[in-house]
Amino acid sequence: MRARMATAMALTGLSLMMASAAMAQGVASPPGTPAAAPDSRAYLAQPLTTEIFLADPSAHVFDGRIYVYGSHDIEAPAADDQPGKGYAMRDYRVLSMRIDGGDVRVHPVAFAVEDVPWADRQLWAPDAARINGRYQVYFPAKDHEGVFRIGVAVGDRPEGPFRPEAEPIAGAFSIDPGVFVDQDGAAYLYAGGIHGGQLQRWATGVYDPAAGNTDLNRPDDPALAPRVARLTPDGLALAEPVREVLIVDEAGKPLKGGDLDRRFFEAAWVHHYGGLYYLSYSTGETHNIAYATSTSPYGPFTWRGVILKPVEGWTTHHSVVEVEGRWKLFYHDTQGTNRNTLRSAKWTDLVHEADGTIRTIDPFVAAAP
Ligand code: FUB
């Protein structure tokens, strides 16, 4: 908790991230400049690369190599006229590395906002999947009316380049797409994020800007939930209307909007382990990566606990991936920058316990004496 105090004190939600760049203390170190962890602690892991800033890491293993798809963070002018405006990413870069973490490569621009006819700005957290032998990147961006939509871009190689489709995916909206390919080959698109991610504006199924920049402001009602839909076999469209992914407590009751320690904020990710589907996500202003389990990819998912305690920086976003029999957590923090919008991707081991829970990870360790 103390780790992000410098920035979190002034922030209450992604809706205020437009202010974050302006208020952030300190100057970004150029990539390559290491930094000490706060409070005499040490970071659990180091950035995968210091060549660029890469956030929201979605990792996949393709043909024996790890590929990390993430947001390419850049220095952007701060502004406070729009939630999240400081997160002004303009292109995607893919990182790849050997299974053991060696031979890290940052590949050339995979595609840029100029390549996407429908998109205007803010290429936020992407994911990728291999479907029918092609590599497809799913990504959110604001359209020319300022509405977050989700697009797909297709390539022949895992590192790109990718050709964006001319239109966003019909029926998909908000941010943070995550694609889960089940054992039977069916692919599911999860998405959503409240506050700057605009999910609250889709509560009725129709976009309503009057719903504002936070949530529904109904703390005793069920929380806003991520959306899911099965994809068509080519992965380019939804095969069905999106539905809500319900997250419930131990008694089967939906988590409430005011349950800030447990309710969904953004960054939905699904993996399958030991016969269960695991949905993990950021809790936003409480800065945890939480998880819930289900026997169906559609849910309902029952809240189980915390995978990752708060990292340095306001946002937290992750992926959970099996790498040749060992499970890994990919995540990000603001090591070396003290800027919420300049983040670096990291990885560490993740342990599934025998009872189906996941061992909680602390992104800090005690510093050596
Ligand atoms: O990187 C921009 C946004 O910040 C992502 O879409 C969210 O998940 C948060 O990490």
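Scoring rules and cut-offs
Residues numbered from 1 in each chain as written. Predicted model: local features only at pLDDT ≥ 70, side-chain atom pairs only at ≥ 80, totals over all residues. Heavy atoms only, no water. Helix = DSSP H or I, 4+ residues; strand = E, 2+ residues; numbered from the N terminus. Buried < 20%, exposed > 50% of the residue type's maximum accessible area, 1.4 Å probe, protein only. Contact = heavy atoms within 4.5 Å. Core = buried A, V, L, I, M, F, W, Y, C linked by side-chain atoms within 4.5 Å. Polar contact = N/O pair within 3.5 Å; in protein donor to acceptor, adjacent residues only side chain to side chain. Salt bridge = Lys/Arg side-chain N within 4 Å of Asp/Glu carboxyl O. Pairing = 2+ DSSP bridges. pLDDT = per-residue confidence, 0-100.

## Details of the overall build of the protein
Logical step 1: Helix and strand content of the protein: two helices and 25 strands.
Logical step 2: Relative to its full complement of 369 residues, the protein shows a buried share of 62%.
Logical step 3: Across the protein, every contact between residues at least 6 apart in sequence was considered, and the portion connecting residues at least 24 apart equals 56%.

## So, the nonpolar core
Logical step 1: Of all hydrophobic cores here, the largest spans 29 residues; its most connected members are Ile 307 and Phe 330.
Logical step 2: For this core, the secondary-structure elements that each account for two or more residues are β2 (53-62), β3 (65-73), β5 (94-98), β20 (289-294), β21 (301-308), β22 (318-323), β23 (326-333) and β24 (344-349).
Logical step 3: Among the elements that make up this core, the one with the highest residue count is β23 (four residues).
Logical step 4: When residues no more than four places from it in sequence are discounted, the contact partners of Ile 307 are Ser 280, Ile 289, Ala 290, Tyr 291, Val 320, Leu 329, Leu 350, Ile 358, Arg 359, Thr 360 and Ile 361.

## Describing the side chain of Ser 280
Logical step 1: Tracing the backbone through its elements, the reader meets Ser 280 in strand β19 (residues 276-282).
Logical step 2: Assessed through its relative accessible area of 0%, Ser 280 is described here as buried.
Logical step 3: For Ser 280, the side chain forms a polar contact with the side chain of His 318, separated by 2.8 Å.
Logical step 4: Non-local contacts of Ser 280, meaning those with residues more than four positions away in its chain, are made with Ala 267, Ala 268, Trp 269, Ile 289, Ala 290, Tyr 291, Ile 307, His 318 and Val 320.

## Looking at the pattern of salt bridges
Logical step 1: Inspection of the entire model under this criterion finds 22 salt bridges.
Logical step 2: Across the pair Arg 163 and Asp 156 runs a salt bridge whose closest N-O atoms are separated by 4.0 Å.
Logical step 3: Overall, the relative accessible area of 57% leaves Asp 156 in the exposed class.
Logical step 4: In the salt-bridge network here, residues are joined through shared partners; they are Asp 56, Asp 73 and Arg 343.

## Thoughts on the sheet that holds β20
Strand pairing in a sheet relies on backbone hydrogen bonds, with the paired strands running either antiparallel or parallel.
Logical step 1: Read from one edge to the other, the open sheet built from five strands follows the order β17-β21-β20-β19-β18, with strand pairing classed as mixed. This sheet does not close on itself; its edge strands, each paired only once, are β17 (247-248) and β18 (266-273).
Logical step 2: In terms of strand pairing, β19 meets β20 through six bridges, oriented antiparallel. Each bridged residue has a counterpart across the sheet, and for Leu 279 the counterpart in β20 is Ala 292.

## A short note on the confidence of the model for the protein
Logical step 1: Put simply, the protein has an average pLDDT of 91, and 89% of its residues get 70 or more.
Logical step 2: Counted against residues more than four places away or in other chains, residues 1-30, with its pLDDT under 50, gives 76 contacts.

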